[in-house]
Amino acid sequence: MNASAITKTLWSLQAGDAVRVIGFDDSLPERYRVRLEEFGFHPGENVECLMTPGLGAPKLYRVSNTVFSLDDDIASCVLVQMAVSPGAAL
Amino acid sequence: MNKVLLVGSPNSGKSSLFNRLTGLSQKVANFPGITVDVTSGSLLALPDVELVDFPGTYSLQAISAEEEVAVEYFRRALADPEVRHVLCVVDATRLEKSLYFTLQVIRDAQHHGKLITVLANMADIIDRNNLTLDADALAAEIGAPVLMVSAKSGSGIESIIDRLRDALVREEVSGGRWSETPDALLRGTAHQLAHQHGPRGDVLIQSQTRLDRFFLSGFTGGVAFFGIMLLLFQSIFTWSAPVMDAVEALVGAVGSVVVPLIENTVIADFVADALFGGIGAFLVFVPQIFVLTFIIGLLEDSGYLARAALICHRPLRLFGMTGKSFIPMLSGVACAIPAIYAARSVDSQRQRLMTYLAIPLMPCSARLPVYALLIATFIPDETMFGGLLGWQGVAMFSIYFLGMLMGLIVTGITHRISRVVADDLPFVLELPPYRLPGLLPILRNAEKRCRHFVTKAGKVILSVTIVVWILGYFPNYGADLATSWLGTIGHFIEPVFEPIGLDWRYGVAIISSFLAREVFVGTLGTIFGIEDAEDNMAPLVDQIQASGLPIGSGVALLVFFAIALQCVSTLAILSRETRSWKIPLRMAAAYLVLAYMSALGVFYLVEWLV
């Protein structure tokens, strides 16, 4: 089966979405990119959006065995790729 | 003296291990980055060895000024010939989080010829959940021994001591396989090793996520948050009150025994009012600080505080703060002093300063007697909507609301006019696992916080109390406050308060209230010749009403007290926490000007309306 992939940002994920980090937006300062990589958000790493908390709180993401909450200003700078089946709505 | 450095990533259990190894009471909490200062202590098993605990950090590549200080200090320590060994703590359940930092530490330690041991903490959780971590294989890969330990159960502590005994007699050897490796290569290697040797399976994440679904969902999370905050609030306000009363009564009782033994009247007055009054003024806060620190400790250690920070982050972000600012602000509604201590958990220096700015504007309990007096004096005791709402209650709510609103407005404006993006750390919060809090370390920490308050802030508070007492007592030996030096100052500054319709008596009461805001009521009582005005306000209310003070002045005073930072204890603690007097003094001056201008505006507005 041919799978296509769509590029999104971490912030656009819904709870339950599992993705792979493919890089970072150019607008993200270098020191924050490095810190995100230290947290485990490496290109090639699998990330799962665990939940979108109520009360407007930032979303929760799982990387390996650690859960992080990233606010939109930084989560929207992490580019991810989600594998989808052919014909799935984009 | 031989020294051993203890480093690790945030929330790896480093401070718990420090406490195990030294028997000291470094603050321990289940909240990333809780070690603020560098702490040291002798090892229990090797008393001639000093263990130095560094703040937790994710890497040696600092992204904030505070991290830079910590990293710089660590690198300087590595160059110290007295430093013989480095213990690097990793969370064995989440190896990938710590391994990059570990490799950086190994590299730098090797560069300085220091030996290093990696402590894989939380081995008890690994065992309990049937997870595995191949410590021997990992040790072979990284070139440093890896010991499985548990700070909680104490398992593996002996092996650390054995390792240190052996390592401390070895010679330093410069160089090593990582000593020249760049960060990028270390990062890739750490990632690979963590996947290869770290525990697999998601048992821990699953249980954590189940609880997060309860504590962070819209309805249950909101109810839990409200309930827990109510509990916190109750603990500060209600549960502390009997102990605070007891402390006050005890100080008063000791004073009543000691003072009659002194024959000299001046010395007796000094001991009664300045010494016992001053000591009582700061000792009374101790129960509140203890209870608040204890409850916050429970919330931190259980993992809930990180969730509360998450819930509050969005609204507070608008005002230049972070979700972690919420607990200090809430605590500030009871008392600014424990609230300022609580702000230590805010990791960005800039956001912590914003939190410090907001705290003094929270309507603390010391303002309550002042509000009660002024509202009883100027707001009619009448009801509306068939008795459902009373004007005095509305006034009390409004003045409380005004304080909180001003706190947000001030931080919001300061955030926007002083915005330096580089200073703001993005909100990335590691959510620690939920766990049962350990009571003993939390109790020890609460006791330590109280001792810090008494020994550090107490001196300043007592000194200022003595100065104000001298000003109020001389030159007429307490016979008449109006002709005392304090009264003279009151008359001198009368032109300042005249535009808002206040005479020298209110000026003196305002100056005295810098000791503690509630002193305003007692001082006015003394001036109007009423004893125990704090306990029975009715005669004082009558006197002020009879003196013909306009309603505009009363409302202006309310606004003044809602904004002005006239609390020497708060200033003393702020100076301790910021390690400078510049910040608290600037804040006090700015809030004084803001309070005065707001009071002036309100005075003219009310007088025009009435």
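Residues numbered from 1 in each chain as written. Chains lettered and ligands numbered in written order. Predicted model: local features only at pLDDT ≥ 70, side-chain atom pairs only at ≥ 80, totals over all residues. Heavy atoms only, no water.

**Here we look at the packing of helix H15 (residues 349-358) of chain B against helix H17 (residues 391-417) of chain B**
Residues and elements named next belong to chain B.
Then, in step 1: For the pair H15 and H17, interaxial distance at closest approach is 8 Å and the crossing angle is 145°. As for the relative orientation of H15 and H17, their crossing is right-handed in sense. Between H15 and H17, the contacting residues are Arg350, Met354, Leu357 and Ala358 on the first element and Gly407, Thr411, Thr414 and His415 on the second.
Then, in step 2: Classifying every residue of the contact of H15 with H17 gives 3 nonpolar, 4 polar and 1 charged. (Axes fitted to C-alpha atoms, helices over the stretch in contact; angles between N-to-C directions. Helix = DSSP H or I, 4+ residues; strand = E, 2+ residues; numbered from the N terminus. Left-handed = near helix turned anticlockwise from the far one by under 90°. Contact = heavy atoms within 4.5 Å. Nonpolar A, V, L, I, M, F, W, Y, C, P; charged D, E, K, R; others polar.)

**A word on the environment of Met122 of chain B**
All names here are of chain B.
Then, in step 1: Within the secondary structure layout, Met122 lies in the loop between strand S5 (115-121) and helix H4 (123-128).
Then, in step 2: As a C-alpha pair, Met122 and Arg94 span 28 residues in sequence and 9.8 Å in three-dimensional space.
Then, in step 3: Beyond its immediate stretch of four places on either side in the chain, Met122 contacts Asn11, Ser12, Gly13, Asp91, Thr93, Val149, Ser150 and Arg435.

**Concerning the interface of chain A and chain B**
Then, in step 1: Facing the 32 residues of chain A at the interface are 41 residues of chain B.
Then, in step 2: A combined buried area of about 3400 Å² lies between chain A and chain B, and 57% of that area is made up of carbon and sulfur atoms.
Then, in step 3: Across the chain A-chain B interface, the total number found is 5 salt bridges.
Then, in step 4: Arg314 of chain B is paired through a salt bridge with Asp71 of chain A; the nearest N and O atoms lie 3.1 Å apart.
Then, in step 5: Elements supplying a minimum of two residues to the side of chain A that touches chain B: helix H1 (30-39), strand S3 (46-51), strand S4 (60-63), strand S5 (66-70) and helix H2 (72-75) of chain A.
Then, in step 6: In terms of residue count, the dominant contributor to the side of chain A that touches chain B is H1 of chain A (7 residues).
Then, in step 7: Along the lines of polarity and charge, the residues of the side of chain A that touches chain B split into 16 nonpolar, 7 polar and 9 charged.
Then, in step 8: Alignment of S5 of chain A against strand S9 (residues 428-431) of chain B, held across 4 bridges, turns out to be antiparallel. Across the sheet, residue Val67 of chain A finds its bridge partner in S9 of chain B, namely Leu431 of chain B. (Buried area = accessible area lost by both parts, 1.4 Å probe. Salt bridge = Lys/Arg side-chain N within 4 Å of Asp/Glu carboxyl O. Pairing = 2+ DSSP bridges.)

**Here's the deal with the pattern of salt bridges**
Residue and element names in this part refer to chain B.
Then, in step 1: In the structure shown here, the tally under the stated rule is 23 salt bridges over all chains.
Then, in step 2: With a closest N to O distance of 2.8 Å, Arg75 and Asp108 form a salt bridge. Here Asp108 lies in helix H3 (residues 95-111) and Arg75 lies in helix H2 (residues 65-78), a separation of 33 residues in the sequence.
Then, in step 3: With relative accessibility at 9%, the residue Asp108 sits in the buried group.
Then, in step 4: Of the charged contacts in the structure, one is a salt bridge between Arg165 and Asp162, with a shortest N-O distance of 3.5 Å. In this pair, Arg165 and Asp162 are both assigned in helix H6 (residues 157-168), 3 residues apart and thus about one turn of the helix distant.
Then, in step 5: Residue Asp162 is classed as partly exposed on the basis of its relative accessible area, which comes to 44%. (Buried < 20%, exposed > 50% of the residue type's maximum accessible area, 1.4 Å probe, protein only.)

**A look at the pairing of S5 of chain A**
Residues in a regular strand point their side chains to alternate faces of the sheet.
Residue and element names in this part refer to chain A.
Then, in step 1: With respect to burial, S5 is a largely interior element, 5 of its 5 residues being buried.
Then, in step 2: Here S5 shows no split at all, with Thr66, Phe68 and Leu70 on one side and Val67 and Ser69 on the other all buried.
Then, in step 3: Alignment of S4 against S5, held across 4 bridges, turns out to be antiparallel. When the sheet's bridge partners are listed, Leu60 is paired in S5 with Ser69.
Then, in step 4: Here S4 folds back onto S5, and the loop between the two strands holds 2 residues, one of which, Ser64, carries a positive phi near 50°.

**What about H6 of chain B?**
For an α-helix, 3.6 residues make a turn, and residues three or four places apart therefore share a direction.
Residues and elements named next belong to chain B.
Then, in step 1: Here H6 spans 17 Å end to end across 12 residues, near enough to the 16 Å set by a 1.5 Å rise per residue.
Then, in step 2: For H6, every residue scored as buried is listed here: Ile157, Ile160, Ile161, Arg163, Leu164, Ala167 and Leu168. Angular distribution of buried residues about the axis of H6 spans 160°; they occupy a single face of the element.
Then, in step 3: Structurally, H6 contributes buried residues whose contacts are with strand S1 (2-8), helix H1 (14-22), strand S3 (49-53), strand S4 (83-91), S5 and strand S6 (146-148). (Expected span 1.5 Å × (residues − 1). Arc of directions from axis to C-beta.)

**Observations regarding the sheet that holds S1 of chain B**
Residue and element names in this part refer to chain B.
Then, in step 1: An order of S2-S3-S1-S4-S5-S6 is seen for the 6 strands of this open sheet, with the pairing classed as mixed. Sheet topology places strand S2 (39-42) and S6 at the edges, where each strand pairs with a single neighbour. Put simply, the sheet's adjacent strands are angled 25° from each other on average, direction ignored.
Then, in step 2: Bridge count between S4 and S5: 7 bridges; the pairing is parallel. Across the sheet, residue Cys88 finds its bridge partner in S5, namely Val118.
Then, in step 3: Of the strands in this sheet, S1, S4 and S5 touch H3, which is tilted by about 165° from S4.
Then, in step 4: Seen against the sheet, H6 touches S1, S3, S4, S5 and S6 and runs at an angle of roughly 150° to S4.

**Points about H1 of chain A**
Then, in step 1: When you tally the buried positions in H1 of chain A, you get 7 out of 10 residues, the bulk of the element.
Then, in step 2: Directly after H1 of chain A, the chain includes Gly40 of chain A, whose backbone phi takes a positive value near 120°.

**What to know about the nonpolar core**
Residue and element names in this part refer to chain B.
Then, in step 1: Counting 114 residues, the largest nonpolar core has Met229 and Phe520 as the members making the most contacts within it.
Then, in step 2: Apart from the residues within four sequence positions on either side, Met229 is in contact with Tyr304, Ala308, Phe326, Ile327 and Leu330.
Then, in step 3: Listed in part, the 39 residues of the second largest apolar core include Val86, Phe101, Val105 and Ala194. (Core = buried A, V, L, I, M, F, W, Y, C linked by side-chain atoms within 4.5 Å.)

**Concerning the confidence of the model for chain A**
Low pLDDT means the predicted atomic positions in that stretch should not be read closely.
Residues and elements named next belong to chain A.
Then, in step 1: Scored by pLDDT, chain A comes out at a mean of 84, with 86% of its residues at no less than 70.
Then, in step 2: By mean pLDDT, strand S1 (residues 4-9) is the weakest element of chain A at 80, and strand S2 (residues 18-24) is the strongest at 94.
Then, in step 3: This stretch, residues 85-90, has a pLDDT under 50; its non-local contacts, to residues over four places away or in other chains, come to 4 contacts. (pLDDT = per-residue confidence, 0-100.)

**Comments concerning the state of the cysteines**
Then, in step 1: A complete count under the given rule lists 0 disulfides over all chains for this structure.
Then, in step 2: The thiol sulfur of Cys49 of chain A is not disulfide-bonded, and the nearest other cysteine sulfur, from Cys77 of chain A, lies at 17 Å.
Then, in step 3: The class for Cys49 of chain A is buried, based on a relative accessible area of 0%.
Then, in step 4: Between Cys364 of chain B, a cysteine without a disulfide, and Cys335 of chain B, which holds the nearest cysteine sulfur, the sulfur-to-sulfur distance is 6.5 Å. (Disulfide = S-S within 2.5 Å.)

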